[in-house]
Amino acid sequence: MFLWEIDQREPEDRFRCSFSDHAENQLATARLGELIARGYSWEERGAGLVPRPAGVLYIVSSLAADEDIPTWMSHIPSQSFRQHVVAVGISGEAFARFSPACAGEIWHLSAIMHRGGWAEFIIEFIASREIDLVQIAASCFGVDLVPALRAAYPSIQVVVDTGGEGAPGQEWLTYVTSRYGNVIDAFCTPQPAVAATLQSSGVSASRIYEWSADHGDEAAAACHAEVYGQLLAGLVG
C-alpha cells in the first residue's frame, strides 16, 4: 500500500521517507531498493530518502550492426531515474533512429569530438550531473573506462549488459569477463545460457540478473530498474 500511494503522486508531491537499522536487514534493503527505483535518492546527512531520482548514465555502442543498439531504456519511467545517454562508436543514421527512444539527455560523442576526448568528457559529465550508476551496453570503450571510473568515483555502481549467443555476443562476453569481470557490480542478460557462462567464468550468481526475452523491452526495463535500485540500496550503511 505504501508503494501504491507513492505511485499515485506526482514526483514533486512525494514525501520524504525515513529508515532505521536498514544496513543489517536484508528485507529493509530490498524495500529501500524498491523506493529508489521509484524515484528516490538517499540523503546521507538526513539518514533518509528524498524524492529526487538517482542519476543513471548509459554508455551505448553497437557490437556489430546498428540494429544491435538497445532500446529498452526508453521503457524506464523518467520519474524513476534521471537518465542520461552517451552514444559512442555508432553512425549518425543509427543515432538518429535511436535517440527518439531515449528519455532525458543524450549525446552523440562520435559526432562532436575526437575519440581522445571521450573519457575526459564522461568523467566530468558524471560529476556535473551527479551520476550514481553507469550502465554499459555493448560498448568496449565503456568497459575500458571502468578502472578510471572506479578511481574517480569509488562508490559509483557499474552494470553491463551481455550480448546475444551469436559470435559478436560471445566475443563481447569474453572481452568483458576476462578483463573486468571482477570490477563490474552486475551483469544483465535475457539468455540463461549466457548467465551460465558468466558463472563458469567466475562471476558470482548474486551479480547476474536475467529478464525474459519473450516479454520484450518492458521486461528488460523492469529488470534494470530493479537492479539499479538494489545496487544503490546496497551502498546505504
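A quick note: this is a predicted structure, and the numbers were derived from the prediction, not measured. (Residues numbered from 1 in each chain as written. Predicted model: local features only at pLDDT ≥ 70, side-chain atom pairs only at ≥ 80, totals over all residues. Heavy atoms only, no water.)

Undergrad: So what's going on with the overall build of the chain? Residues and values would help.
TA: A tally of regular secondary structure across the chain gives ten helices and ten strands. On C-alpha atoms alone, the chain measures out to a radius of gyration of 17 Å, which is about the 18 Å that the 2.2 N^0.38 rule sets for 237 residues. The burial tally for the chain puts 47% of its 237 residues in the buried class. Entry remark: accessible area of the chain is about 11,300 Å², with carbon and sulfur atoms responsible for 51%. (Helix = DSSP H or I, 4+ residues; strand = E, 2+ residues; numbered from the N terminus. Rg over C-alpha atoms; globule rule 2.2 N^0.38 Å. Buried < 20%, exposed > 50% of the residue type's maximum accessible area, 1.4 Å probe, protein only. Areas by Shrake-Rupley, 256 points an atom, 1.4 Å probe, with all protein chains shown as cover.)

Undergrad: Before we move on, could you go through the sheet that holds strand β4 (residues 54-60) and cite the residues and values that matter?
TA: Hydrogen bonds along the backbone pair up the strands of a sheet, which may run parallel or antiparallel. Pairing is parallel across the open sheet formed by seven strands, whose spatial order is β6-β5-β4-β7-β8-β9-β10. Both outer strands of the open sheet, β6 (105-108) and β10 (208-210), are each paired with one neighbouring strand and no more. Put simply, the sheet's adjacent strands are angled 20° from each other on average, direction ignored. Taken together, the seven bridges between β4 and strand β5 (residues 81-87) define a ladder with parallel strand orientation. Bridged to Tyr58 within β5 is Val85. Set on the sheet, helix α10 (residues 216-233) makes contact with β4, β5, β7 (133-137), β8 (157-161), β9 (186-189) and β10; between it and β8 the angle comes to about 155°. (Pairing = 2+ DSSP bridges. Axes fitted to C-alpha atoms, helices over the stretch in contact; angles between N-to-C directions. Contact = heavy atoms within 4.5 Å.)

Undergrad: Can you lay out the packing of aromatic side chains for me, pointing to particular residues and giving the numbers?
TA: Per the counting criterion, the structure on display carries six aromatic pairs. Seen from their ring centres, Tyr58 and Trp72 are 5.9 Å apart, and the 75° between their planes marks the pair as edge-to-face. Of this pair, Tyr58 sits in strand β4 while Trp72 sits in the loop between β4 and β5; the two residues are 14 residues apart in sequence, bridging distant segments of the chain. The exposure classification of Tyr58 matches that of Trp72, with both residues buried. (Phe/Tyr/Trp six-rings, centres within 6.5 Å; stacked < 30°, edge-to-face > 60°.)

Undergrad: So, helix α2 (residues 26-36): which residues are in play, and what are the values?
TA: Residues Ala28, Leu32, Gly33, Leu35 and Ile36 constitute the buried set of α2. Along the long axis of α2, the arc covered by the buried residues comes to 160°, so they all point the same way. Elements in contact with the buried residues of α2: α1 (2-8), β1 (17-18), β2 (41-43), β3 (48-50), β5 and α10. (Arc of directions from axis to C-beta.)

Undergrad: Break down the pairing of β7 for me, citing the residues and quoting the values.
TA: The buried count for β7 comes to five of five residues, which makes it a mostly enclosed element. Pairing geometry for β4 and β7, over five bridges, is parallel. Looking at the pairing, Val60 lines up with Ala137 of β7.

Undergrad: How would you explain α10 if you had to name every residue and give the values?
TA: Given a rise of 1.5 Å per residue, 18 residues ought to cover 26 Å, and the 26 Å separating the end C-alpha atoms of α10 matches this to within 8%. Within α10 the residues assigned to the buried category are Ala219, Ala220, Ala221, Cys223, His224, Ala225, Val227, Tyr228, Gly229, Leu231, Leu232 and Ala233. (Expected span 1.5 Å × (residues − 1).)

Undergrad: Please set out the nonpolar core residue by residue, giving values where relevant.
TA: Counting residues in hydrophobic clusters, the biggest one holds 41 residues, and the most contacted among them are Leu49, Tyr58, Met73, Phe81, Val159 and Tyr228. Sorting the residues of this core by element identifies α2, β4, β5, α3 (92-98), β9 and α10 as the ones contributing at least two each. With ten residues, the single largest contributor to this core is α10. Among residues more than four places away in sequence, those in contact with Tyr58 are Trp72, Met73, Ile76, Gln83, His84, Val85, Val86, Gln135 and Tyr228. Core analysis: the second largest hydrophobic core is formed by 33 residues, Leu57, Ile126, Ile156 and Tyr180 among them. (Core = buried A, V, L, I, M, F, W, Y, C linked by side-chain atoms within 4.5 Å.)

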